[in-house]
Amino acid sequence: RHRKKAGDEHARVKQAAERLAVDPVAHERNKSRGAIRTDFILSAEIIVIALGTVQTAPLGTRVSVVTVIALLMTAGVYGFVGGLVKLDDLGLLLLRRRKRNRFRRAMGRFLLIATPRLMRFLSLAGTAAMFLVGGSLLVHGLAPIQAWLDASIAPLGGAVALLVPLLVHVGVGAFIGGVIVVLVQAVQ
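Predicted model only: the values in this text are computed from it and were never measured.

Quick word on the confidence of the model for the chain
Atom-level detail of predicted coordinates should not be read off regions where pLDDT is low.
So, point 1. When pLDDT is averaged along the chain, the result is 81; 88% of the residues meet or exceed 70.
So, point 2. Put simply, helix α1 (residues 2–20) is where the chain has its lowest mean pLDDT, 60, and helix α7 (residues 158–187) is where it has its highest, 89.

Side note on the side chain of S136
So, point 1. By the secondary structure assignment, S136 is in helix α5 (residues 102–141).
So, point 2. Those residues in contact with S136 that lie beyond four places of it in its chain are F131 and H169.

What to know about the nonpolar core
So, point 1. Counting five residues, the largest nonpolar core is built from V139, L149, I153, V168 and V172.
So, point 2. If near-sequence neighbours (up to four positions away) are discounted, L149 is found in contact with V139, A154, V164, P165, V168 and H169.

Re the packing of helix α6 (residues 143–153) against α7
For any two helices packed against each other, the geometry comes down to the angle between their axes and how far apart the axes lie.
So, point 1. Contact geometry for α6 and α7: axes closest at 10 Å, N-to-C directions at 165°. When the interaxial angle is binned, α6 and α7 end up roughly antiparallel. Judged by the sense of rotation from one axis to the other, the crossing of α6 with α7 is right-handed. Seen from α6, the contacting residues are I145, W148, L149 and I153; seen from α7, they are V160, A161, V164, P165, V168 and H169.
So, point 2. Each residue belonging to the contact of α6 with α7 can be placed in one class, and the counts come to nine nonpolar, one polar and no charged.

What counts, and where the lines are drawn
- Residues numbered from 1 in each chain as written.
- Predicted model: local features only at pLDDT ≥ 70, side-chain atom pairs only at ≥ 80, totals over all residues.
- Heavy atoms only, no water.
- pLDDT = per-residue confidence, 0-100.
- Helix = DSSP H or I, 4+ residues; strand = E, 2+ residues; numbered from the N terminus.
- Contact = heavy atoms within 4.5 Å.
- Core = buried A, V, L, I, M, F, W, Y, C linked by side-chain atoms within 4.5 Å.
- Buried < 20%, exposed > 50% of the residue type's maximum accessible area, 1.4 Å probe, protein only.
- Axes fitted to C-alpha atoms, helices over the stretch in contact; angles between N-to-C directions.
- Parallel < 35°, antiparallel > 145°, perpendicular 65-115°, else oblique.
- Left-handed = near helix turned anticlockwise from the far one by under 90°.
- Nonpolar A, V, L, I, M, F, W, Y, C, P; charged D, E, K, R; others polar.

Structural data, given as structure tokens:
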């Protein structure tokens, strides 16, 4: 009975993959490239922020701070993202285990079902984070916009003083990001 159930489950997974008509190796490669590209951009943004906080420090301190952050970002972020990209593989491994353990099989099914949804959410959240952080960096460098936020919005206080700058940062980041996408597409 368990063998038939496992066979049925395997057939359903195989049929789902065939319906998608996706080369699994190419699909995995594309997922990894996208994750690396997003993480590279976020890492660069974090290093720029870190440099901004130590810009008046001596050169040795600035180099040390950037080096430590770069190492932590590489090990931490890329390791974490590498683990996320492999969650569905872990789910498949748990399902294929020879020992019949209900919890392990349930966890494997859960990972196979939840991972694509988690990846879609993280893709949207990562894009929003890039817009927010990138836009924030740009706004801080654009004196007129920053002066307007400081003079007009900050004194209002409360939720307005918190939300309006965030929306401006996201808007500037999305606009500049859109311009970059258009330029990249035109070059390609």
